[in-house]
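Inside the fold
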Amino acid sequence: MDESRQVREPRHAPPASLGDYVSRAYQAKTARGQATRQKLLDAAEEIFGHKGYFETSVVDIVRHAGVSQGTFYVYFPSKLDIFRELVMQLSRSLRREIAQRTSGARDRREFERRGFEAFFDFVHKHRNLYRIVRQAEWIDEGLFRAYYEAILEGYIRGLRSAQVAGEIRDGLDLETLALCLMAVGDYLGMRWVLWEGQSPPERAVETMLTLVFEGMSRRSRDPVTPPRRNPDGRPN
């Protein structure tokens, strides 16, 4: 029943949203079954992240999980189905973590700080998140797009509420603003959490928040620091 590592599944048409995916994975009916099912998903997260989807087999996953191959098929019809279920679970878990951490924020600046910190902490706990989600573009393009659109839709709703409250100026395209903020978080997480194994330093977080809420152009009241020059008059 094992699937060849050489099979290349077709890329699927994008759905409207992550909610449009009807999971073919089977739900566990007991606490013990739920634990076994989650053990398989945890193993898949580890193996897909290290070996890649196409080089991973069902045998690899069950060996890492410490269960039989027959047990795998009790919960997942195929390798593709456990991959899809894993991406959807990561998406739900990430959005839930951000919602919990941002609850009660005093203003939008604090909301953004808490949200970014929640994302960085999530990447700490799920080091293979980047690799798995980016693989989805080549395995199921619709799932890849839906993963980001689920985050985008929630971000836009929050920005709209902040705009109504007067914390964000009128006239901005909220979708573009949300995409820019998502990109900032994505690359800061990659630079510091993924590459260095640590949260972004405070100076990086403050620079990001200053850019978001104040912009990068020098204000007229900011002091002008002349460039340092060498004895020959050239800029240092």
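Criteria and cut-off values
Along each chain, residues carry numbers from 1 onward, in the same order as the chain's sequence is written. pLDDT decides what is reported in this predicted model: residues at 70 or higher carry local features, side-chain atom pairs at 80 or more are listed and counted, and totals for whole chains, interfaces and linings draw on all residues regardless. Excluding hydrogens and water, the side-chain figures rest on all heavy atoms present in the structure. Strands here are runs of E lasting at least two residues and helices are runs of H or I lasting at least four, both read from the DSSP assignment and numbered beginning at the N terminus. Burial status follows relative accessibility: with a 1.4 Å probe on protein chains alone, a residue under 20% of its type maximum counts as buried, one over 50% as exposed, and anything between as partly exposed. Note on aromatic pairs: the rings of Phe, Tyr and Trp (six-membered ring only in Trp) are paired at centre separations within 6.5 Å, and the planes decide the class, stacked below 30 degrees, edge-to-face beyond 60, tilted for the rest. For every element, the axis is a line fit to its C-alpha atoms; helices are fit only across the contacting stretch, and the angle between N-to-C directions ranges from 0 to 180 degrees. Comment on the angle field: the value is read as roughly parallel under 35 degrees, roughly antiparallel over 145, roughly perpendicular from 65 to 115, and oblique elsewhere. Note on convention: the crossing is left-handed when the near helix lies turned anticlockwise from the far helix by less than a right angle, right-handed when the turn is clockwise. Pairs of residues are marked as contacts when any of their non-hydrogen atoms sit within 4.5 Å. Three residue categories are used. Nonpolar comprises Ala, Val, Leu, Ile, Met, Phe, Trp, Tyr, Cys and Pro, charged comprises Asp, Glu, Lys and Arg, and polar comprises the others, including Gly.

**Some details on the side chain of serine 78**
Take serine 78: it is sitting in the loop between helix 3 (69-75) and helix 4 (79-102). Given the relative accessible area of 13%, serine 78 is considered buried.

**A word on the packing of aromatic side chains**
Taken as a whole and judged by the stated rule, the model has 11 aromatic pairs. A ring pair is formed by tyrosine 53 and phenylalanine 54, whose centres lie 5.3 Å apart and whose planes are at 85°; its orientation type is edge-to-face. As far as burial versus exposure is concerned, tyrosine 53 and phenylalanine 54 are alike and both buried. Taking 5.1 Å as the distance between ring centres and 85° as the angle between the ring planes, the aromatic pair formed by tyrosine 147 and tyrosine 148 counts as edge-to-face. Classification of tyrosine 147 as buried rests on a relative accessible area of 3%.

**Focus on the packing of helix 5 (residues 108-125) against helix 7 (residues 141-164)**
Between two packed helices, the angle of one axis relative to the other and the distance separating the axes together describe the packing. Contact pair helix 5 / helix 7: the axes reach a minimum separation of 11 Å and the direction vectors enclose 160°. Here helix 5 is positioned roughly antiparallel relative to helix 7, judged by the angle of their axes. Where helix 5 crosses over helix 7, the two elements pack in a sense that is right-handed. Contacts between helix 5 and helix 7 involve Arg108, Glu112 and Phe116 from the former and Tyr155, Gly158, Leu159 and Ala162 from the latter. Looking at the contact of helix 5 with helix 7 residue by residue, the class counts come to 4 nonpolar, 1 polar and 2 charged.

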